[in-house]
Amino acid sequence: MTRTSAPVRRQLRPSGRLLPEDTRRHHRALILQLLFRYGAASRADLARSSGLTRVTVSDVVGNLVTEGLLTESAAETQGRVGKPPVLVQLAAEARQIVAVDLSAEGLVSGALLNLTGDVQDRRVRPLEGRRGADAVALVHELVRELLDATDRPVLGIGVGTPGVVDASGVVIDAPNLGWHGTALAEGLVEAFDQPVFVANDANTAVLGEHTFGDTGDGGLMLIRIGTGVGAGLVLEGALLHGHRSAAGEVGHVVVDPDGVECACGRVGCLETVLAAPHLRERLAADGERGLAEVGTLLGTVLAPVVGTLNLHELVLSGPLELLDGPLLEAVDRTIRERTMPVSGEELVVRTSALGDDVVLVGAAVLVLAGQLGVS
Ligand SMILES: [Zn+2]
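These lines cover the structure that appears in this document, whether it is placed above or below. Keep in mind that this is a model prediction, so the values were computed, not measured.

Some points on the coordination of the zinc ion
Summarising the metal site, the zinc ion is bound by the protein donors His252 (ND1), Cys262 (SG), Cys264 (SG) and Cys269 (SG), whose distances to it range over 2.0 to 2.3 Å. Geometry at the zinc ion is tetrahedral, judged from the four donor atoms that bind it and their angles of 105 to 121° at the metal. One chain supplies every donor for the zinc ion, spaced along it as H-x9-C-x1-C-x4-C. Taken together, the residues His252 in the loop between β14 (238–239) and α7 (271–274) and Cys269 in the loop between β14 and α7 connect sequence positions 17 residues apart. When its relative accessible area of 26% is taken as the criterion, His252 is described as partly exposed.

Here you go:
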């Protein structure tokens, strides 16, 4: 065997000099993250919890107040003598975020959200079979409409789309939309001159659930069930991307080699039994027993994942009338039956706390994380 290329030397840590602007950006993100997570605080509190000097904190906070991202208010003092300390907090209404969700069957949904993830305006367009460049044009139309509707500065545009998406926002492959190597982020940046963040819909959903869905800090896996089936994982506080940006593609694991053909060309993928249209057929044919059987199958697929990663939370996201009942119960039971007791001890199996908005909220988190360093 001949080696045709030089061996790759893997770097464990990024090298290169730390520039003053990197340090400033880091300090800014640190302060914003503390206020985002824990709410209003005084400059002294921020210095204590960040480990930065009082001078640095005052400098960073001053700049953020000037930018309108933080507001100041006097703390309540119950009968105490002296000047009350000044608290600073994130100004939730200082900016709006444009979010787009391409995961629903035959629809493109868009929304404007504030900086604390509240949906404040929404628009929906039917896809009407549009694919390829026509589907991209529809996304641009929707974004234009939302940008016209906002009366505040925009922080950025976030998009959750089906398919495999690389780190630069190129949709490598989304068969349902006819997108292959489609530079969705780049096109939106050119058209609207705004920062743009594009990610896979299940990854987007798990970020939304992690930041705004009342989750703990243990491992979280979200299974997104719609036209297709995908999953996203947040481990040790970070989204898992995988070697080729395809982590979470559990929908195309074969569960029934004698089953029906899948859109990907294989036979009997998990998606061919778990996707929403298939669940509806199953419910019509076999009733709730049919849903429980699919839940057992899903639990069988997920048990090795839960056992391997020692996940804390497993969240199902999709049509609640299909998921929240015998299916969820069967998933929970099957995982516990098939893993060590320690794996199931504190495991929570539930449906999404954010309901249908999980991808829109997650798309806003992409922008918050990318632009302010908070999540
Ligand atoms: Zn498949």
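Considering the sheet that holds strand β4 (residues 96–101)
Spatially, the five strands line up as an open sheet ordered β6-β5-β4-β7-β11, and their pairing is mixed. Of all strands in the sheet, those bounded by a partner on one side alone are β6 (119–126) and β11 (196–200). Taking the axes of each pair of neighbouring strands and ignoring which way they run, one obtains an average angle of 15° across the sheet. The sheet contact formed by β4 and strand β5 (residues 107–113) spans five bridges and is antiparallel. When the sheet's bridge partners are listed, Ile97 is paired in β5 with Leu113. Running at roughly 155° to β11, helix α5 (residues 184–192) makes contact with β7 (154–161) and β11 of the sheet.

Some words on the layout of surface pockets
For the largest pocket, the calculated volume is near 1100 Å³. Residue lining of the largest pocket: 45 residues in total, with Ser103, Pro162, Asp201, Thr227 and Gly228 positioned closest to the centre. Sorting the residues of the lining of the largest pocket by element identifies β5, β6, β9 (170–174), α6 (201–212), β12 (220–225), β13 (229–235) and α8 (276–286) as the ones contributing at least two each. Empty space within the second largest pocket amounts to approximately 520 Å³. Lining of the second largest pocket is provided by 26 residues; of these, Ala199, Leu207, Leu239, His241 and Leu366 occupy positions nearest its centre. Among the elements of the structure, β11, α6, β14 and α13 (358–372) are those that each provide at least two residues to the lining of the second largest pocket. Looking at which element gives the most residues to the lining of the second largest pocket, the answer is β11, with five residues.

Cut-offs applied
Residues numbered from 1 in each chain as written. Predicted model: local features only at pLDDT ≥ 70, side-chain atom pairs only at ≥ 80, totals over all residues. Heavy atoms only, no water. Donors = N, O, S within 2.8 Å, 3.2 Å for Na, K, Ca; no water. Tetrahedral: all angles 85-135°; square planar, octahedral: opposite > 155°, others 65-115°. Helix = DSSP H or I, 4+ residues; strand = E, 2+ residues; numbered from the N terminus. Buried < 20%, exposed > 50% of the residue type's maximum accessible area, 1.4 Å probe, protein only. Pairing = 2+ DSSP bridges. Axes fitted to C-alpha atoms, helices over the stretch in contact; angles between N-to-C directions. Contact = heavy atoms within 4.5 Å. 1 Å grid on protein atoms, 1.4 Å probe; cavity = no way out; pocket = protein on both sides within 12 Å on 5 of 7 lines; lining within 4 Å. Points joined across faces, edges and corners; volume = space filled by probe spheres on them.

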